[in-house]
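Chains, contacts and geometry: an overview
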Amino acid sequence: MSERLSPAVKLLKTDGSPLQVIVTRPENQAAPLMSLLQQAGAQPFSIPLLAIESLPESHEQRTTMLNLDLFHKVICISPNAAQLFLERMDQYWPQPPIGIQWVTPGQGSAKALEQWGLPVVYPTEGDNSEAMLNLPALQKVSGEKILLCKGESGRELLHEQLCARGAQVTLLPLYRRVCPALLAAEREILQEAEFDVVMISSSDALKNLVQCVGSSAPALFGKTILVSSPRLRLEARALGFKKIVQARGAGTQWQLAALATIASQR
């Protein structure tokens, strides 16, 4: 099901011109957000600063999937993790095992699981590890077996806290994030800072932005960076960005609300 945009969201600057937005999501994930931005009157540009590369399945991971019905909870930490997990599960389980509680950080990750008819629990306030750890479903987990589906790298907070609460956590790394090669035209847009705001939703995308064009693009550091967490705000500040806006989370509704605020001040 495609997302719908509230008619109240308008991404026009005070002079009536469209807000120019750089979308840095992986190429295969940018289209829905690009469509919403266009509906709101913005002028989006897709410049992927991340690419998702699936990891090969090890013998140990195959055993984990065959024993999926032994887990009390399965957590998919991102839309990529959810989609790749479902592809793996489809190889071994014609019908998903019953009795598992499915958990994600937000609606975006939940959608893929819900399309398989799986009931998903996710926080409604915030969409990060801290918000997930506040879920009632993850409070009393002592002795429970939890499968944590994630990328090859990333934060360890969720894993550490669940273990501290007594859970038996099995990690299932499904993908790695890599830096895609930029086209000459994409690099020029970033170097010349020909936009109003760039959307950043991960540390890797932020680092890739600086790695790809930062040293030769002083104008870039004067542009507005929209981030999705306090951690990313601190990282952006440390890298030298001066105009940093923090959305309430990585969810589309919070990102659009933050962009609307930015547009109203232009």
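Below you will find a few notes about this structure. (Residues numbered from 1 in each chain as written. Predicted model: local features only at pLDDT ≥ 70, side-chain atom pairs only at ≥ 80, totals over all residues. Heavy atoms only, no water.)

On to the overall build of the chain, then. Along the chain, the regular secondary structure elements total 10 helices and 11 strands. Over its C-alpha trace the chain gives a radius of gyration of 19 Å, about what one expects of a compact globule, namely 18 Å for 266 residues. For the chain, buried positions account for 48% of its 266 residues. Here the contacts in the chain between residues at least 6 apart in sequence split such that 67% fall between residues at least 24 apart. On the chain, roughly 13000 Å² of surface is accessible, and the fraction owed to carbon and sulfur atoms is 51%. (Helix = DSSP H or I, 4+ residues; strand = E, 2+ residues; numbered from the N terminus. Rg over C-alpha atoms; globule rule 2.2 N^0.38 Å. Buried < 20%, exposed > 50% of the residue type's maximum accessible area, 1.4 Å probe, protein only. Contact = heavy atoms within 4.5 Å. Areas by Shrake-Rupley, 256 points an atom, 1.4 Å probe, with all protein chains shown as cover.)

At their nearest, the axes of helix 7 (residues 184–191) and helix 8 (residues 203–213) sit 10 Å apart, and the two run at 100° to each other. Taken together, the axis directions place helix 7 and helix 8 in an arrangement best described as roughly perpendicular. Residues R187, L190 and Q191 of helix 7 form the contact with helix 8, whose own contacting residues are L209, C212 and V213. Its residues assigned to classes, the contact of helix 7 with helix 8 shows four nonpolar, one polar and one charged. (Axes fitted to C-alpha atoms, helices over the stretch in contact; angles between N-to-C directions. Parallel < 35°, antiparallel > 145°, perpendicular 65-115°, else oblique. Nonpolar A, V, L, I, M, F, W, Y, C, P; charged D, E, K, R; others polar.)

Bringing the sheet that holds strand 6 (residues 120–121) into the picture now. Read from one edge of the open sheet, six strands run 3-8-7-4-5-6, paired in mixed fashion. The outermost strands of the open sheet, each flanked by one partner alone, are strand 3 (51–54) and strand 6. Inspection of the sheet shows strand 3 paired to strand 8 (residues 168–178) by four bridges, in the antiparallel sense. The partner of I52 across the bridge, within strand 8, is R177. Strands strand 3, strand 4 (73–76), strand 5 (101–103), strand 7 (145–151) and strand 8 of the sheet are contacted by helix 3 (residues 79–92), whose axis makes an angle of about 110° with strand 8. (Pairing = 2+ DSSP bridges.)

Among the structural elements, E144 can be located in the loop between helix 5 (129–133) and strand 7. Setting aside residues up to four positions removed in sequence, E144 forms contacts with H72, K73, A167 and Q168.

So, on to helix 4 (residues 107–114). S109, A110, A112 and L113 are the residues of helix 4 that are buried. All buried residues of helix 4 project into a common sector of 155° when viewed along the axis, lining one side. Tucked inside the fold, the buried residues of helix 4 contact strand 4, helix 3, strand 5 and strand 6. (Arc of directions from axis to C-beta.)

Note: strands within a sheet are paired through backbone hydrogen bonds, in either parallel or antiparallel orientation. Strand order in this open sheet of five strands is 2-1-9-10-11, and the pairing throughout is parallel. The sheet is open, and its two edges are formed by strand 2 (43–46) and strand 11 (243–246), each paired on a single side. On average, each strand axis in the sheet is tilted by 25° relative to the strand beside it, whichever way the strands run. Where helix 1 (residues 31–39) meets the sheet, its contacts fall on strand 1 (20–23), strand 2 and strand 9 (197–199), and the angle it forms with strand 2 comes to roughly 160°.

With that settled, consider the pattern of salt bridges. Applying the stated rule across the entire model yields seven salt bridges. One salt-bridge network, in which partners are shared between bridges, spans K13, D196 and R266. (Salt bridge = Lys/Arg side-chain N within 4 Å of Asp/Glu carboxyl O.)

Those residues of helix 1 that fall on the buried side of the exposure criterion are L33, M34, L36 and L37. Buried residues along helix 1 cover an arc of 165° about the axis, so they all sit on one side. Pointing more than 90 degrees away from the buried face of helix 1 are the exposed residues A31 and Q38. Where helix 1 is buried, its residues contact strand 1, strand 2, strand 9 and helix 10 (252–264). With its phi angle positive at about 95°, G41 sits one or two positions after the end of helix 1.

Here the focus is the environment of R248. Examined against the element boundaries, R248 turns out to sit in the loop between strand 11 and helix 10. A relative accessible area of 56% means that R248 is categorised as exposed. Through-space distance from the C-alpha of R248 to that of S229 is 7.1 Å; in sequence the pair is 19 residues apart. Once residues within four sequence positions are removed from consideration, R248 is found in contact with E125, S228 and W254.

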